Amino acid sequence: MSVALKHCGSVSEEERWSSSENQAESLEEKHQEVVVSQVPIVSSFNDRIRPLLDAVDKLRHLQVMKEGIQLPTIVVVGDQSSGKSSVLESLAGISLPRGQGICTRVPLIMRLQHHTAPEPELSLEFSGKTVPTSEAEIADAITLATDEIAGSGKGISSTPLTLVVKKKGVPDLTMVDLPGITRVPVHGQPENIYEQIADIIMEYIRPEESIILNVLSATVDFTTCESIRMSQKVDKNGERTLAVVTKADRAPEGLLEKVTADDVNIGLGYVCVRNRIGDESYKEARKVEADLFETHSLLSKIDKSMVGIPVLAQKLVHIQATIIARCLPEIVRKINEKLNASISELKRMPKTLSTVGEALTTFMGIVGSAKESLNKIIVRGEYDEYLDDQNMHCAARLAEMLNQYSGELHEFSEDDLTANFMMSEIQVLEESKGIQLPNFLPRTAFLAILQKKVEKVSHIPVDFAEKVWSYIEGVIMSVLMHRSENYHQLQLSTRREVYNLMEKMKERSRNWVTEIVQMEKLTDYTSDPAYLNDWNGLMAQQQKFMDALENRYATAFQIEGLGEVSIRGLRAYEKPDLLQAFDLKMRMTAYWKIVLRRLVDSMALHLQFCARNLVNKEMEEEIVKELVGRHGGAIEGMLEESSAVAAKREKMNVSIKVLSESKNVLANIMDRITTNI
């Protein structure tokens, strides 16, 4: 149950909360010394824990639990007819509704407060109103309030009803009384009444901050009680469960053994009580109860720290004080965290749009800011907006992709020089022979080899363009989604239009790449002097190559600019054919470097040009035209969503108000807690 104080904020705050917790533990130790002769339920301890209870009650009144902040709570559960109402009546000194079936149909928050005035003050709080009542009318008032909350039938509701009892002599306690557990619905109750009750009970007893006050009848076997089964689901070892055994006078036999054997794991112990009977006054009932446990042959053997309503009250007060003192530091931390998070979220929310003009201005602002970001990322290569997201560092990623593309082209273009050097050239020249003068290199042979080489790599530029545009699409989508994060309908429309636009860009690049590839296939031209320089350098090695062929022991030859090539299979061909094939091979080697360079350089220029046009012109025009002009649904969608945002903003403001008031409650009462506890 203890809360780690390191979560409480400043050192001074921690010391103050630690002081209150230590004092609560000290009081708990003193409680062990309470003797049975202290019959009055109220004691001076009430005044000392009152600030703690006030703080929690105010937080509960502010409905801070709706903000996900759990409060320390004593939750009263029990099977139907277990005597739960009698126990609560004895603690509060008032009469609660009675009758057949389920008497408690809504969670009843009972706030008991001792005060010195002779006349008690009772009131009910529900549906945003406070209804004063009296001891004589309280049962009927609760029934009427319950009917208003849960209906006049026999159904139940999870909406709570608060009963405030300010009366001399009552213990300072706040408890939540839940509907009694029943498995069989009676006439007028829904068929799933058990499931409804179980859901409400589990909601209240599941939080670790809840203390479970399990009311058991002495007349039944504890292990068969449904309330025990439920509490064990959330508190298996019973560390936060206290059991009250009612009707002790009706089944005294074996009761001592039942509460000492503890077969159902009740960690906080048992308290046995006698229910008030008939018209007994509460004072008379307490006297009869004290005499019973003092004189009865069997019940008198039960330890006096385990019997009587006064002992139960004392136990509850001290347990309540301890759990509140221990939980408050964590509550303070959670409220501060939730408040700060809510304020931050509110600041991030867009302003409310009420007119078409405001929506259009906001829409153009979104497109404009996205355009500026994309200009920085894609065109200028700046990435200060996305320092930690390397995928958004476009210049570096595009350069990497271009280098990979160039490497793939060159790698794919390498021939098998070791085994097949010049073989394809010899075959093409053989097929290109005609009735013509010898020693002329046929241009058709050159084009045939060129077309075959271009065809082999033609898929690489197409795949590369597809890859680049897919990457750019992701970047554009990411920026636009971020800029329009507050408008879901606009995001859906924008996503669709960006996809359509990028398909157009991909198609345009595919067509352009196809034209470039076709041009490389159909013609062989370059004005680049590197072609002749490379060809001359390669041809200068021709004689040495031929000399190597004359050496019958030579199997390979090193050609500068190509590497080592196999010559073993070339000796079968005539010298004129070999000279022509060598020339053709060197021409193609020199020209192919030009072709690959053109495929890389032109692709880089094309993509940069298209990306710049896309960001600076086409994207904005297309999105505005489609979303505002042609379809016109974007603005209407923004206005609709803005209404939802306004409702969310209002809800957020309510949460912030609740959390702020809760924070103030704790801040104002902290000094009192430290001083009084």
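Residues numbered from 1 in each chain as written. Predicted model: local features only at pLDDT ≥ 70, side-chain atom pairs only at ≥ 80, totals over all residues. Heavy atoms only, no water.

### Section: the overall build of the chain
- For the chain, the count of helices and strands is 20 helices and eleven strands.
- Carbon together with sulfur atoms contributes 51% to the accessible area of the chain, which is approximately 33000 Å² in total. (Helix = DSSP H or I, 4+ residues; strand = E, 2+ residues; numbered from the N terminus. Areas by Shrake-Rupley, 256 points an atom, 1.4 Å probe, with all protein chains shown as cover.)

### Considering the pattern of salt bridges
- According to the stated counting rule, one finds 43 salt bridges in the structure shown.
- Salt-bridge contacts for K376 lead to E385; the nearest nitrogen and oxygen are separated by 3.5 Å.
- The salt bridge partner of E520 is R598, with a shortest N-O separation of 2.7 Å. Of the two residues, E520 sits in helix 16 (residues 488–522) while R598 sits in helix 19 (residues 575–630), which places them 78 residues apart along the sequence.
- What you see here is one network of salt bridges that share partners, running through E466, E473, E503, K506, E507 and R510. (Salt bridge = Lys/Arg side-chain N within 4 Å of Asp/Glu carboxyl O.)

### Points about the packing of aromatic side chains
- In total, this model carries seven aromatic pairs according to the counting rule given.
- Ring geometry for F222 versus Y270: centroids 6.2 Å apart, planes at 20°, classification stacked. In this pair, F222 sits in the loop between strand 7 (210–217) and helix 6 (226–234) while Y270 sits in strand 9 (residues 270–272), placing the two residues 48 residues apart along the sequence.
- Cluster of aromatic residues (ring-pair linked, three or more members): F421, F545, F557 and F582.
- Here R183 stacks its cationic end above the ring of Y194, 4.1 Å away from the centre of that ring.
- Here the guanidinium or amino end of R276 rests over the ring plane of Y282, the centre of that ring lying 4.2 Å away. (Phe/Tyr/Trp six-rings, centres within 6.5 Å; stacked < 30°, edge-to-face > 60°. Lys NZ or Arg CZ within 6 Å of the ring centre and 35° of its normal.)

### Some remarks on the packing of helix 15 (residues 459–483) against helix 16
- Between helix 15 and helix 16, whose axes approach to 10 Å, the crossing angle comes to 160°. When the axis of helix 15 is compared with that of helix 16, the two are roughly antiparallel. The hand of the helix 15/helix 16 crossing is right-handed. Here P461, V462, A465, E466, W469, S470, I472, E473, I476, M477, L480 and M481 of helix 15 come into contact with helix 16, specifically with Q491, T494, R495, V498, Y499, M502, M505, K506, S509, R510 and V513.
- Tallied by class, residues from the contact of helix 15 with helix 16 come to 14 nonpolar, four polar and five charged. (Axes fitted to C-alpha atoms, helices over the stretch in contact; angles between N-to-C directions. Parallel < 35°, antiparallel > 145°, perpendicular 65-115°, else oblique. Left-handed = near helix turned anticlockwise from the far one by under 90°. Contact = heavy atoms within 4.5 Å. Nonpolar A, V, L, I, M, F, W, Y, C, P; charged D, E, K, R; others polar.)

### Some words on the sheet that holds strand 2 (residues 108–113)
- Spatially, nine strands are ordered 4-3-5-2-6-1-7-8-9 in an open sheet, and the strand pairing comes out mixed. A single partner strand is all that each edge strand has here, and the edge strands are strand 4 (129–133) and strand 9. Averaged over neighbouring strand pairs, the angle between their axes works out to 25° when direction is ignored.
- As paired elements, strand 3 (residues 121–126) and strand 4 share five bridges and run antiparallel to each other. (Pairing = 2+ DSSP bridges.)

### Here we look at the pairing of strand 10 (residues 556–559)
- Residues F557 and I559 line the buried face of strand 10, whereas the alternating positions A556 and Q558 sit on a face that is not buried.
- Here strand 10 runs beside strand 11 (residues 563–566); their pairing, made up of four bridges, is antiparallel. Paired with A556 across the bridge in strand 11 is S566.
- A loop of three residues connects strand 10 with strand 11, the two strands running antiparallel in sequence, and G561 in this loop sits at a positive phi of about 100°. (Buried < 20%, exposed > 50% of the residue type's maximum accessible area, 1.4 Å probe, protein only.)

### Focus on the environment of V176
- On the secondary structure map, V176 appears in strand 6 (residues 173–177).
- Classification of V176 as buried rests on a relative accessible area of 1%.
- Sequence separation between V176 and P107 is 69 residues; the distance between their C-alpha atoms is 6.3 Å.

### So, the environment of R597
- With respect to the helices and strands, R597 occurs in helix 19.
- On a C-alpha basis, the gap between R597 and H410 in space is 9.7 Å, while along the polypeptide they are 187 residues apart.

### Examining the packing of helix 10 (residues 356–379) against helix 15
- Close contact between helix 10 and helix 15 brings their axes to 9 Å; oriented N to C, the two are set at 140°. Classified by the interaxial angle, the pair formed by helix 10 and helix 15 is oblique. Classified by chirality, the crossing of helix 15 by helix 10 is right-handed. Each of I366, S369, A370, S373, L374, I377 and I378 in helix 10 lies in contact with helix 15, whose residues at this interface are I472, V475, I476, V479, L480 and R483.
- Of the residues in the contact of helix 10 with helix 15, the class split is ten nonpolar, two polar and one charged.

### A closer look at unusual backbone geometry
- The backbone of K247 shows a phi angle near 60°, a positive value even though the residue is not glycine.
- By the element assignment, K247 lies in the loop between strand 8 (241–246) and helix 7 (255–261).
- Using a relative accessible area of 15% as the deciding quantity, one classes K247 as buried.
- Phi at N265 is positive, roughly 55°, even though this residue is not glycine.
- Secondary-structure assignment places N265 in the loop between helix 7 and strand 9.
- Taking the relative accessible area as the measure of exposure, N265 reaches 37% and is therefore partly exposed.

### Quick look at helix 6
- Burial in helix 6 covers these residues: E226, S227, I228, M230, S231 and V234.
- The inward-facing, buried residues of helix 6 abut strand 1 (73–78), helix 5 (193–205), strand 7 and strand 8.

### Let's talk about the environment of F609
- Residue position: F609 is located in helix 19.
- According to the relative accessible area criterion, F609 is exposed, its value standing at 52%.
- Along the backbone, F609 and V379 are 230 residues apart, and their C-alpha atoms lie at a distance of 9.5 Å.

### Observations regarding the confidence of the model for the chain
- Per-residue confidence for the chain gives a mean pLDDT of 85, with 89% of residues at or over 70.
- Confidence scores differ between elements of the chain, with helix 1 (residues 11–31) showing the lowest mean pLDDT of 44 and helix 17 (residues 529–539) the highest of 96.
- This stretch, residues 1–21, has a pLDDT under 50; its non-local contacts, to residues over four places away or in other chains, come to 40 contacts.
- Below a pLDDT of 50 lies the segment residues 23–44, which in the model reaches 32 contacts outside its immediate sequence neighbourhood of four places, other chains included. (pLDDT = per-residue confidence, 0-100.)

### Let's talk about the nonpolar core
- Of all hydrophobic cores here, the largest spans 90 residues; its most connected members are I378, I472, I476, F545 and L570.
- Take this core: its biggest share by element is 23 residues, from helix 19.
- Aside from chain neighbours lying at most four places away, what touches I476 is L374, I378, V498, M502, L614 and M619.
- Counting 69 residues, the second-largest nonpolar core is a separate cluster that includes V56, V332, L346 and V645. (Core = buried A, V, L, I, M, F, W, Y, C linked by side-chain atoms within 4.5 Å.)

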